[in-house]
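Here's the letter readout for the chains.
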Amino acid sequence: MDLNEKIDMIGRLYLGLEQIEDCEEFSSLIPEVRTNFVYASKESATPEDVLAVDGRISVVDGFPKAIGRIKFGASGYMAHLLLEIQKKDSEIRSIIDFANNPKIAEFLKDYCKEKEWNFSVVDRRFEPDNMKDTEGEAISWMVEEAIRAAGGKIPRIFYETGAVGKEPVSILLGKDPLEVAEQICELARNYHESGQRTR
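Keep in mind that what you see is a predicted model, and the values were worked out from it rather than measured.

Basis of the calculations
- Residues numbered from 1 in each chain as written.
- Predicted model: local features only at pLDDT ≥ 70, side-chain atom pairs only at ≥ 80, totals over all residues.
- Heavy atoms only, no water.
- Helix = DSSP H or I, 4+ residues; strand = E, 2+ residues; numbered from the N terminus.
- Rg over C-alpha atoms; globule rule 2.2 N^0.38 Å.
- Buried < 20%, exposed > 50% of the residue type's maximum accessible area, 1.4 Å probe, protein only.
- Areas by Shrake-Rupley, 256 points an atom, 1.4 Å probe, with all protein chains shown as cover.
- Lys, Arg positive; Asp, Glu negative; His and termini not counted.
- Charge placed at Lys NZ, Arg CZ, Asp CG, Glu CD.
- Expected span 1.5 Å × (residues − 1).
- Salt bridge = Lys/Arg side-chain N within 4 Å of Asp/Glu carboxyl O.
- Polar contact = N/O pair within 3.5 Å; in protein donor to acceptor, adjacent residues only side chain to side chain.
- Core = buried A, V, L, I, M, F, W, Y, C linked by side-chain atoms within 4.5 Å.
- Contact = heavy atoms within 4.5 Å.

Asker: Sorry if this is basic, but what is going on with the overall build of the protein here?
Answerer: The helix and strand inventory of the protein stands at 5 helices and 9 strands. Its C-alpha atoms give the protein a radius of gyration of 16 Å, near enough to 16 Å, the size a compact globule of 199 residues would have. If you line up the protein on its principal axes, its C-alpha atoms span 50 × 40 × 30 Å. Here the protein holds 199 residues, and the buried ones make up 47% of them. Roughly 10100 Å² of accessible area belongs to the protein as shown, and the carbon and sulfur atoms make up 47% of that amount. Charge-centre separation for the protein: the mean point of 26 positive side chains lies 3 Å from the mean point of 37 negative side chains.

Asker: I keep staring at unusual backbone geometry and nothing clicks. Help me out?
Answerer: Peptide bonds are, in most cases, trans, and in most cases residues other than glycine have a negative phi. For R34, which is not a glycine, the phi torsion comes out positive at approximately 70°. Looking at where R34 falls in the secondary structure, it is placed in the loop between α1 (3–21) and β1 (37–39). R34 gets classed as partly exposed once you look at its relative accessible area, which sits at 29%. The residue R56 is not glycine, and still its phi comes out positive at about 70°. Looking at where R56 falls in the secondary structure, it is placed in the loop between β2 (51–53) and β3 (57–60). A relative accessible area of 34% places R56 in the partly exposed class.

Asker: What should I look at first to understand helix α2 (residues 77–88) in this one?
Answerer: Residues that lie three or four places apart on an α-helix share one face, since the helix turns once every 3.6 residues. Between its first and last C-alpha, α2 extends 17 Å over 12 residues, near the 16 Å set by a 1.5 Å rise per residue. Within the sequence span of α2, burial applies to M78, A79, L81, L82, L83, E84, I85 and Q86.

Asker: Please clarify how the pattern of salt bridges should be interpreted in this entry.
Answerer: Once the charged atoms of two side chains with opposite charge are near each other, the side chains can pair. According to the stated counting rule, one finds 9 salt bridges in the structure shown. Salt-bridge contacts for K109 lead to E106; the nearest nitrogen and oxygen are separated by 3.9 Å. Taken together, the residues K109 and E106, both in helix α3 (residues 102–115) and 3 residues apart, mark about one turn of the helix. Given a relative accessible area of 44%, K109 falls into the partly exposed group. One salt bridge connects R148 with E145, and the closest N-O pair in it is separated by 2.6 Å.

Asker: Help me out: how do you make sense of α3 in this one?
Answerer: Taking 1.5 Å per residue, 14 residues should reach 20 Å; α3 reaches 20 Å between its end C-alpha atoms and fits that length. Looking at where α3 begins, the residue whose side-chain oxygen comes 3.0 Å from the main-chain nitrogen of K103 is N101. Backbone geometry just downstream of α3 places E116 in the positive-phi region, at approximately 60°.

Asker: Is there a simple way to think about the nonpolar core in this case?
Answerer: A general trend in soluble globular proteins is that nonpolar side chains are found buried together. Ranked by internal contacts, the top residues of the largest apolar core, which has 36 residues, are F26, F37, F98, L108, I157, L172 and L187. Here the element with the most residues in this core is helix α5 (residues 177–197); it accounts for 7 residues. Those residues within four positions of L108 in sequence are excluded, and the remaining contacts are F98, N100, F119, I157, Y159, S170 and L187. The next biggest cluster of nonpolar side chains, apart from the first, holds 24 residues, and it includes V50, V122, M142 and V169.

Spelled out as structure tokens, the structure:
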């Protein structure tokens with residue numbers, strides 16, 4: 001990867017991160033494990049080639065806040081997940097994870113239907129036992145399952161149910177961090193408004 005591409009990638013992830021840090025509503029969607037926001041080039045081959053937020057995104061004074069700086073190799077799981085997704089569709093270059101619970105799951109199902117987005121659920125209870133201890137294989141199975149559950153298409157959003165010792169999270173996929181940031185902030189605002197209406 002040449003210097004110009006690195007500069008472009010860092011700039012795009014930084015601008016996407018700025019949008020998220022300004023989106024107060026996203027705070028309620030940050031999971032216990034915290035959020036990461038990752039970006040890969042089409043040539044990325046390992047997590048070291050994937051740009052992410054070091055220390056993840058947490059909540060500070062009610063707003064999302066990056067704990068560390070943006071750097072290559074700052075993510076393990078999310079970077080692996082993005083690389084597996086890219087094997088299926090090289091146009092998907094950025095993903096973000098966020099919370100999941102029954103209320104969020106119900107909202108996501110309706111929201112994706114309204115937006116005409118492909119959506120699916122991965123039930124971790126059906127993860128083959130021989131893959132549970134092998135991160136790469138487990139992630140490969142999860143991506144295959146997310147696509148299968150979306151009727152053979154790449155979902156825009158999927159969520160995984162929790163497994164033993166693993167918090168359930170949702171994943172939003174996009175072509176670049178600016179698109180992902182815009183969509184996750186719109187989703188967060190809609191989720192916040194839907195909550196306000198049901199009170």
